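Coordinate inspection notes
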Amino acid sequence: MSATRIDSFIDFEASGIQKGYLRVPHSSNASAYGWLPMPAVVVRGEPGPTVLVLGGVHGDEYEGQLAAAQIAREAAAAPVRGTLILLPSANVPAALAASRLSPVDQLNLNRVFPGDMNGTPTQMIAHYIEEILLPRCDAVIDLHSGGGSLNYLPCVRARLSQDPAIQRRTLALVHSFGTAYGVLFRPARGEPRTLSAACERKGVAYINPETGGGARIGREALAAAYLGARRARGGMGVMAPPDAAPAGPTELLSLSPASLVYSDHDGVWEPRVGLGDRVEAGAELAAIHDLKRPWNEPHVVRSAIAGTVLCERAQAQVSVGDCLFEIAVGLDLPASGHDL
C-alpha cells in the first residue's frame, strides 16, 4: 500500500461504523501546523464488496454532497454486507467556498489524478483516493451535477473500459443507478487526470452520475442522486435498503467530438431547445443577443449532430468559448468523448 501524508484514525479493516476526518496537512499564515478536515464515514459488515461514494469533487455541485451525507446518516441502521466508504465532500475547501476549484491551490480535483503525496492539498487528496482508497474498492459512485455553470438532465456517465470485465461491472452499475439515460464514452485524447482514469488504472468499476446544477438544490435532482446511489450500492450487494424503488429502463447513449456546443459570440443567450429534447443536425439550439448592438439580429447557434440534449448553460450571459449544451448521440462502439 502506498504511503500518504493524510492522517486518519479510521481503521478500514475494523467492523462497524466509523466517522471522522481525514486530515489533509496544510500550513498557512493562519495555522502554521494546520490541517484541513475531510469528513469520512466507513461502514463494514459481513464479507462482501467495497463501494466508495463521493460527493463534492467539485465544491459547487451540491446534490451529490447532500445525497452522500444522507446515506452516511442512514448507515448505522442499514443491513451491511461488505464495506461502504463515504466522502460526502471530497474537496472540502472547494465545497466550503462553493467553488469548482479549491481556493487553497486553485486546482480542480478531477484534473490532478494520480495526484502527489507531497503536493498541494488537492494533489494530496487525489493521491490518497487513488493510492489508498481505490485499491480497496470494487466500485466507485462519483456524484456530480452541473455546478454553477450548467444544468444536467439526470443521467449516468461512465468511461468505456478497455477491460471487458470492468466494462460489464460498469454497465451493471449504470443500469442499477436507474436514470433514463446512461452515457458511455472513451475520453478524448485518453484524458489521464480524472477519477475515472484513476479507476481504470486500478481496475475499479466507476460511474459518474450527473443530476441537476445551476448552483441550487433541485428536489428532483437531489432525489435522483440519493435514490440512484442507494440502488447502485444495493445492486453491488452493499447495504441494500429493503424499500429501494426499482430502477426504470436506461437508454444507453454516447458522446461525439461535436457533443459539446460552444458559444462563438459574447452576449446573452436564449435557449431554443430544452433538456431531454431530441434535435436534428442543423437544428436551432440558441440565439445569442448583443446588448451593445440591439439593432443586430441575434446570432443563431445550430447543432452539428442529431441527438438528445443532456445539459445546458445555467447562466444568461455568455462569452466566446463558454459551453451552451451537451448533446448525446446513439451508442456506437468504440465511442469517443470527454470527461467533465
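Preceding this section is the structure that the text describes.
These lines cover the structure that appears in this document, whether it is placed above or below. (Residues numbered from 1 in each chain as written. Predicted model: local features only at pLDDT ≥ 70, side-chain atom pairs only at ≥ 80, totals over all residues. Heavy atoms only, no water.)

1. Topic: the pairing of strand 16 (residues 307-313)
On a regular strand, each side chain points to the face opposite its neighbour's, so the side chains alternate between the two faces of the sheet. Note the cut-off: Per-residue accessibility, obtained with a 1.4 Å probe over protein chains only, is compared with the maximum for each type, and a residue is labelled buried under 20%, exposed over 50%, and partly exposed between these values. Each helix corresponds to a stretch of at least 4 residues labelled H or I by DSSP, and each strand to a stretch of at least 2 residues labelled E; elements are numbered beginning at the N terminus. Pairing between two strands is assigned when DSSP locates at least 2 bridges connecting them.
The element strand 16 is extensively covered by neighbouring structure, given that 7 of its 7 residues are classed as buried. Inspection of the sheet shows strand 7 (residues 150-159) paired to strand 16 by 3 bridges, in the antiparallel sense. Paired with Leu150 across the strands is Arg313, a residue of strand 16. The sheet contact formed by strand 13 (residues 278-279) and strand 16 spans 2 bridges and is antiparallel. Looking at the pairing, Arg278 lines up with Thr308 of strand 16. Judged from the 4 bridges that link them, strand 16 and strand 18 (residues 323-330) form a sheet pairing that is antiparallel. Paired with Cys311 across the two strands is Glu326, which belongs to strand 18.

2. As for the pattern of salt bridges
For clarity, the threshold we go by: Criterion for a salt bridge: a side-chain nitrogen of Lys or Arg within 4 Å of a carboxyl oxygen of Asp or Glu.
The full count for this structure, using the stated rule, is 13 salt bridges. Two residues, Arg193 and Glu191, come together in a salt bridge whose shortest N-O distance is 2.8 Å. Judged by its relative accessible area of 38%, Arg193 falls in the partly exposed class. Residue classification places Glu191 among the buried residues on the basis of a relative accessible area of 13%. One salt-bridge network, held together by shared partners, links Glu270, Arg272, Glu284 and Arg302.

3. As for helix 5 (residues 195-202)
For clarity, the threshold we go by: Residue contacts are defined here by distance: any two heavy atoms, one from each residue, within 4.5 Å place the two residues in contact.
Within helix 5, burial applies to Leu195, Ser196, Ala197, Ala198 and Cys199. Where helix 5 is buried, its residues contact strand 4 (46-54), helix 3 (121-133), strand 6 (139-142), strand 7 and strand 9 (205-213).

4. Some remarks on the packing of helix 3 against helix 5
For clarity, the threshold we go by: Here the axes come from fitting lines to C-alpha atoms, over the contacting stretch only for helices, and the angles between their N-to-C directions go from 0 to 180 degrees. Angle categories: roughly parallel below 35 degrees, roughly antiparallel above 145, roughly perpendicular from 65 to 115, and oblique for all the rest. Note on convention: near helix rotated counterclockwise from far helix by under a right angle means a left-handed crossing. Clockwise means right-handed.
Between helix 3 and helix 5, the least distance of the axes is 10 Å, while the angle of their chain directions is 25 degrees. Classed by the angle they form, the pair helix 3 and helix 5 counts as roughly parallel. Relative to helix 5, helix 3 is oriented so that their crossing is right-handed. Where helix 3 abuts helix 5, its residues Ile129, Glu130 and Glu131 lie against Leu195, Ala198, Arg201 and Lys202.

5. Focus: the packing of aromatic side chains
The condition that has to hold: What counts as a ring pair is set by centres within 6.5 Å for rings of Phe, Tyr and Trp (its six-membered ring), and what kind of pair is set by the plane angle: stacked under 30 degrees, edge-to-face over 60, tilted for all other angles.
Counted according to the given criterion, the structure contains 2 aromatic pairs. Ring centres 6.3 Å apart and planes at 55 degrees place the aromatic pair Tyr21 and Trp35 in the tilted group. A residue pair is termed long-range when its members are at least 10 positions apart, and Tyr21 in strand 2 (residues 16-25) and Trp35 in strand 3 (residues 35-44) qualify at 14 residues. With centroids separated by 5.4 Å and ring planes inclined at 85 degrees, the aromatic side chains of Trp269 and Phe325 adopt a geometry described as edge-to-face. Remark: Phe325 occurs in strand 18 and Trp269 occurs in strand 12 (residues 267-271); sequence separation between them is 56 residues. Residue Phe325 is classed as buried on the basis of its relative accessible area, which comes to 0%.

6. Re the sheet that holds strand 15 (residues 299-302)
As summarised here, the arrangement of the 4 strands in space is 15-14-12-17, forming an open sheet in which the pairing is antiparallel. For this open sheet the edge positions go to strand 15 and strand 17 (317-318), each flanked by a neighbour on one side alone. Looking at chain direction, strand 12 and strand 17 are connected through 2 bridges and run antiparallel. In the sheet register, Gly267 faces strand 17, and the bridge partner there is Val318.

7. Description of the nonpolar core
Spelled out, the test is: For this analysis, a nonpolar core means a set of buried residues of the types Ala, Val, Leu, Ile, Met, Phe, Trp, Tyr and Cys, connected via side-chain atoms within 4.5 Å.
Counting 34 residues, the largest nonpolar core has Leu52, Leu54, Leu87, Ile129, Val140 and Leu195 as the members making the most contacts within it. Elements supplying a minimum of two residues to this core: strand 2, strand 3, strand 4, strand 5 (81-87), helix 3 and helix 5. Of the residues forming this core, the biggest block, 7 residues, is contributed by helix 3. Within the second largest apolar cluster, 29 residues are counted, among which are Val53, Ala75, Ile207 and Val238.

8. Some words on the side chain of Ser161
Keep this limit in mind: Under this definition, polar contacts are N or O atom pairs within 3.5 Å; protein pairs additionally need one hydrogen-donor-capable and one acceptor-capable atom, and for neighbouring residues in sequence, both atoms have to be side-chain atoms.
Considering the arrangement of structural elements, one finds Ser161 in the loop between strand 7 and helix 4 (164-177). Using a relative accessible area of 4% as the deciding quantity, one classes Ser161 as buried. A polar atom in the side chain of Ser161 sits 2.9 Å from the backbone nitrogen of Asp163. Within the local environment of Ser161, its side chain forms a polar contact with the side chain of Glu200, the two groups lying 2.9 Å apart. Those residues within four positions of Ser161 in sequence are excluded, and the remaining contacts are Ile166, Gln167, Arg186 and Glu200.

9. Describing unusual backbone geometry
Between Phe113 and Pro114 the backbone carries a cis peptide bond, its omega angle lying at 10 degrees. For Pro114, the location among the structural elements is in the loop between helix 2 (92-96) and helix 3. The phi dihedral of Gln106 falls on the positive side, at around 60 degrees, and the residue is not glycine. Turning to its location among the elements, Gln106 is positioned in the loop between helix 2 and helix 3.

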